[in-house]
Amino acid sequence: MKAGLGALVHRFISIADEPTDDDDFRLRKRVGVIAGYFTVVAPLGLPALGRGSLATVVLGLSLSGLNVVNLLVLARSRRFERFVIVLIAPGPLFTLSAEILSGGMAASGGGMIWAFLVPLYALLALGPRRATRWFVVFLVFLLVAILLDPLVTTTVTPPPYVFQLVSFAQNTGIPLTVTFLLLRYTDIRRRKAEARSEELLTNAIPMSIAARLKHGDERIADAYPHTTVLFADLVGFTPWAQRTKPDLVVSFLDDLFSRFDALAATCGVEKIKTIGDSYMAVAGAPEARADHAAAALALARGMLEVLAEMRGQNRVELELRIGLASGSVVGGVIGRKRILFDLWGDTVNVASRMESSGVPGRIQVAPSTWEQLRDGFVWEERPAVEVKGLGLMTTYLLAEPAVPNTGS
């Protein structure tokens with residue numbers, strides 16, 4: 001029942017939403033719509049404060065009806081700015097009229113506080129720049145109310161004390177409650193949007209790099225002397241993708257790479273990027289670690305296991321070819337609109353060549369990585385591998401999992 005009520009509330013406050021709205025604009029729209037619903041109800045209390053006079057009944061019902069129509073037009077047209085102008089424009093005049101009919105500023109119990117909701121709505125729905133003029137309008141009408149008050153108090157009979165007390169409670173309690181609730185709703189939504197932006201940023205670049213950007217670093221470029229770079233590529237992906245429905249291709253890659261991401265986080269390895277069906281990661285950057293080669297190899301072995309499991313589940317004939325190389329790299333942030341943390345250097349090139357010259361379903365490592373892991377694993381030496389751009393090179397294929405080192 002709670003979920004159903006929440007869905008109903010969401011439906012009513014999102015009548016102006018468009019698929020192209022960003023988080024900020026969607027938030028401003030929903031605040032404006034909430035203000036519209038409140039402004040349907042609030043004027044209905046004016047007849048009671050005006051002791052049932054015909055003028056207060058007509059004034060209250062007119063403003064309430066206007067806002068009902070305004071909301072219906074918004075739901076149909078989605079013209080949000082027109083809706084906000086129609087919502088707030090009558091506010092100062094309505095509040096001034098209500099105060100006059102109630103017997104003046106003192107008799108109405110501070111009724112002009114209601115007029116402050118006009119610049120508040122404008123601030124939350126239209127933004128600070130356009131709200132300034134509406135704050136000036138509020139001040140002008142407040143000044144007019146002050147200047148007219150001596151005349152009003154001599155021509156309109158003040159209500160009994162009980163009415164004045166009720167008016168004071170209503171005119172202070174309700175507008176300030178509305179102000180608090182709207183600001184609270186706005187702040188909650190803002191924090192959620194910031195958390196979402198933070199999540200997207202840290203998904204795109206390493207957390208430590210994101211923290212530096214938020215603290216004002218404009219150009220980030222660092223040397224990392226001890227790293228192991230991993231490249232992985234799906235063998236047979238292109239012909240499989242050509243004969244498979246696009247949604248199934250995207251779903252398979254999303255699931256596979258999501259599992260790779262989780263595995264990388266577990267191994268303490270940083271994902272750098274994906275390009276098509278290729279996956280790149282690094283251990284030892286941007287956070288240094290002494291066992292970077294072992295961490296990268298653990299990720300590589302886990303990736304083979306993940307693909308083997310998914311291959312059986314999805315009945316696809318795909319293999320993973322993985323290459324590793326160790327050494328120094330340069331890492332930095334490039335781009336302004338689409339930020340990317342990337343790596344450069346010979347180590348990156350060698351790791352890429354280890355993948356492209358490797359064997360499907362196997363992990364091939366450069367001598368730089370093999371030197372760090374040779375004693376804990378069984379390797380198959382490949383003495384004369386033609387590596388593009390590097391010539392003939394001795395490389396090593398992982399033959400089996402780690403074996404105990406007896407020291408003999």
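Basis of the calculations
- Residues numbered from 1 in each chain as written.
- Predicted model: local features only at pLDDT ≥ 70, side-chain atom pairs only at ≥ 80, totals over all residues.
- Heavy atoms only, no water.
- Core = buried A, V, L, I, M, F, W, Y, C linked by side-chain atoms within 4.5 Å.
- Buried < 20%, exposed > 50% of the residue type's maximum accessible area, 1.4 Å probe, protein only.
- Helix = DSSP H or I, 4+ residues; strand = E, 2+ residues; numbered from the N terminus.
- Contact = heavy atoms within 4.5 Å.
- Polar contact = N/O pair within 3.5 Å; in protein donor to acceptor, adjacent residues only side chain to side chain.
- Axes fitted to C-alpha atoms, helices over the stretch in contact; angles between N-to-C directions.
- Parallel < 35°, antiparallel > 145°, perpendicular 65-115°, else oblique.
- Left-handed = near helix turned anticlockwise from the far one by under 90°.
- Nonpolar A, V, L, I, M, F, W, Y, C, P; charged D, E, K, R; others polar.
- Pairing = 2+ DSSP bridges.
- pLDDT = per-residue confidence, 0-100.

**What to know about the nonpolar core**
At step 1: Core analysis: the largest hydrophobic core is formed by 41 residues, its most contacted members being Leu256, Leu299, Met303, Ile322, Leu324 and Trp379.
At step 2: The dominant element in this core, judged by the number of residues it contributes, is helix α13 (residues 292-314), at 10 residues.
At step 3: In contact with Leu299, other than residues within four places in its own chain, are Leu230, Phe260, Leu263, Ala264, Cys267, Val269 and Ala281.
At step 4: The next biggest cluster of nonpolar side chains, apart from the first, holds 29 residues, and it includes Val40, Ile88, Leu117 and Val118.

**Observations concerning the side chain of Gln364**
At step 1: Turning to its location among the elements, Gln364 is positioned in strand β6 (residues 363-365).
At step 2: For Gln364, a relative accessible area of 0% translates into the label buried.
At step 3: Among the polar contacts made by the side chain of Gln364, one reaches the side chain of Thr395 at a distance of 2.8 Å.
At step 4: Ignoring anything within four residues of it in the chain, the contact list for Gln364 reads Ile322, Gly323, Leu324, Arg353, Met354, Ser357, Gly358, Arg382, Val385, Thr395, Tyr396 and Leu397.

**Concerning the packing of helix α2 (residues 23-41) against helix α4 (residues 54-77)**
At step 1: The geometry of α2 relative to α4 is characterised by a closest axis approach of 8 Å and an angle of 150° between their N-to-C directions. With respect to their mutual orientation, α2 and α4 come out roughly antiparallel. Pair α2 / α4 crosses with left-handed handedness. Contacts between α2 and α4 involve Val33, Gly36, Tyr37, Thr39 and Val40 from the former and Ser64, Asn67, Val68, Leu71 and Leu74 from the latter.
At step 2: Of the residues that constitute the contact of α2 with α4, the class distribution is 6 nonpolar, 4 polar and no charged.

**Let's talk about the pairing of strand β4 (residues 319-334)**
At step 1: Where burial is concerned, most of β4 is hidden: 12 out of the 16 residues are buried.
At step 2: When strand β1 (residues 221-235) meets β4, the two strands line up antiparallel, connected through 13 bridges. Across the sheet, the residue bridging to Ala232 is Ile322, located in β4.
At step 3: Direction of pairing for β4 relative to β6: parallel, over a ladder of 3 bridges. Considered in β6, the bridge of Leu324 is made with Val365.
At step 4: Pairing between β4 and strand β5 (residues 340-344): 5 bridges, direction antiparallel. Bridge pairing links Gly332 to Asp342 in β5.

**Focus on the confidence of the model for the chain**
At step 1: In this model, the chain carries an average pLDDT of 84, and 89% of its residues clear a pLDDT of 70 or more.
At step 2: Residue range residues 401-408 is modelled with pLDDT below 50. Its contacts to residues more than four positions away, or to other chains, number 8 contacts.

**Looking at the environment of His226**
At step 1: Mapped onto the fold, His226 is located in strand β1.
At step 2: Owing to a relative accessible area of 55%, His226 belongs among the exposed residues under this scheme.
At step 3: Sequence separation between His226 and Asp291 is 65 residues, and the spatial gap between their C-alpha atoms is 9.4 Å.
At step 4: Ignoring any residue separated from it by four or fewer positions in sequence, one finds His226 in contact with Ala283, Gly284, His292 and Gly327.

**What about the side chain of Asp17?**
At step 1: Looking at the element boundaries, Asp17 is found in the loop between α1 (2-13) and α2.
At step 2: Relative accessible area serves as the criterion here: at 13%, Asp17 is assigned to the buried category.
At step 3: Within the structure, the side chain of Asp17 is placed 2.6 Å from the side chain of Arg30, a separation counted as a polar contact.

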